[in-house]
Amino acid sequence: MAANWDTFATAEPDLARTVEDRFCAFTHHVLATLRKDGSPRTTGLEVRFLDGELWLGMMPNSLKALDLNRDPRFALQANPGPGTGLGGGDVRISGRAIGVEDAGAKAAYMKEVEPPEPFHLFRTELTEVVRTYVEDDKYLVVEVWKPGEPVHTLKRT
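This is a predicted model, so every value here is computed, not measured.

Definitions and cut-offs
Residues numbered from 1 in each chain as written. Predicted model: local features only at pLDDT ≥ 70, side-chain atom pairs only at ≥ 80, totals over all residues. Heavy atoms only, no water. Salt bridge = Lys/Arg side-chain N within 4 Å of Asp/Glu carboxyl O. Helix = DSSP H or I, 4+ residues; strand = E, 2+ residues; numbered from the N terminus. Buried < 20%, exposed > 50% of the residue type's maximum accessible area, 1.4 Å probe, protein only. Phe/Tyr/Trp six-rings, centres within 6.5 Å; stacked < 30°, edge-to-face > 60°. Lys NZ or Arg CZ within 6 Å of the ring centre and 35° of its normal.

Here we look at the pattern of salt bridges
The final tally for this structure, using the stated rule, is nine salt bridges. The salt bridge involving Arg73 is made with Asp71; its shortest N-O contact spans 2.7 Å. Ionic pairing is found between Arg123 and Glu125, a salt bridge with its closest N-O pair at 3.4 Å. Beyond isolated ion pairs, a larger network of salt bridges with shared partners links Arg41, Asp67 and Arg70.

Next up, the structure:
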């Protein structure tokens, strides 16, 4: 089961706002994809939240785009920022990246983002959103959301 960003944000608005704020705090994040041989590839990436979707834009024929065209599974880790503060916690998103060829969708993205052309564009289908943070300098808290389920919170010392 998968959901787009709007579905997640409607189901869990507080968590979605926190996750989006973490991604919007910095420009570059880390994308993990799968190489042809199944081993992981990590690379830098900019993301955009537009029109209820989480978008991934990439240079033509970049290795990450080729990976996603072959196997759409991905994990996306928000930039932790400087130091060890992790304001808002550590957040990551897993799911599938679906290539967008629709001229109207690409034109709308281009109008907002102004990427260099040509480019690959992917919309995301989320399978999991995770936030990890420290509460009261005592507890490690992990919030996990999956489509169709409420947020599951784990707390440990």
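Having seen it, we continue.
Thoughts on unusual backbone geometry
Cis geometry is found at the peptide bond from Glu117 to Pro118, where omega equals -5°. Looking at where Pro118 falls in the secondary structure, it is placed in the loop between α4 (103–113) and β7 (120–135). Phi at Asn61 is positive, roughly 60°, even though this residue is not glycine. Considering the arrangement of structural elements, one finds Asn61 in the loop between β4 (53–58) and α3 (63–70). By relative accessible area, Asn61 is classed as exposed at 57%. We note that Asp137 has phi near 50°; this positive angle belongs to a residue other than glycine. Summarising the element assignment, Asp137 is placed in the loop between β7 and β8 (139–145). Taking relative accessible area as the criterion, Asp137 reaches 80% and is therefore assigned exposed.

Concerning the packing of aromatic side chains
Applying the stated rule across the entire model yields six aromatic pairs. Of note, Lys106 hangs over the ring of Phe119, and the distance from its end group to the ring centre comes to 4.8 Å. Across from the ring centre of Tyr133, 3.9 Å away, lies the NZ or CZ of Arg131, which sits over that ring.

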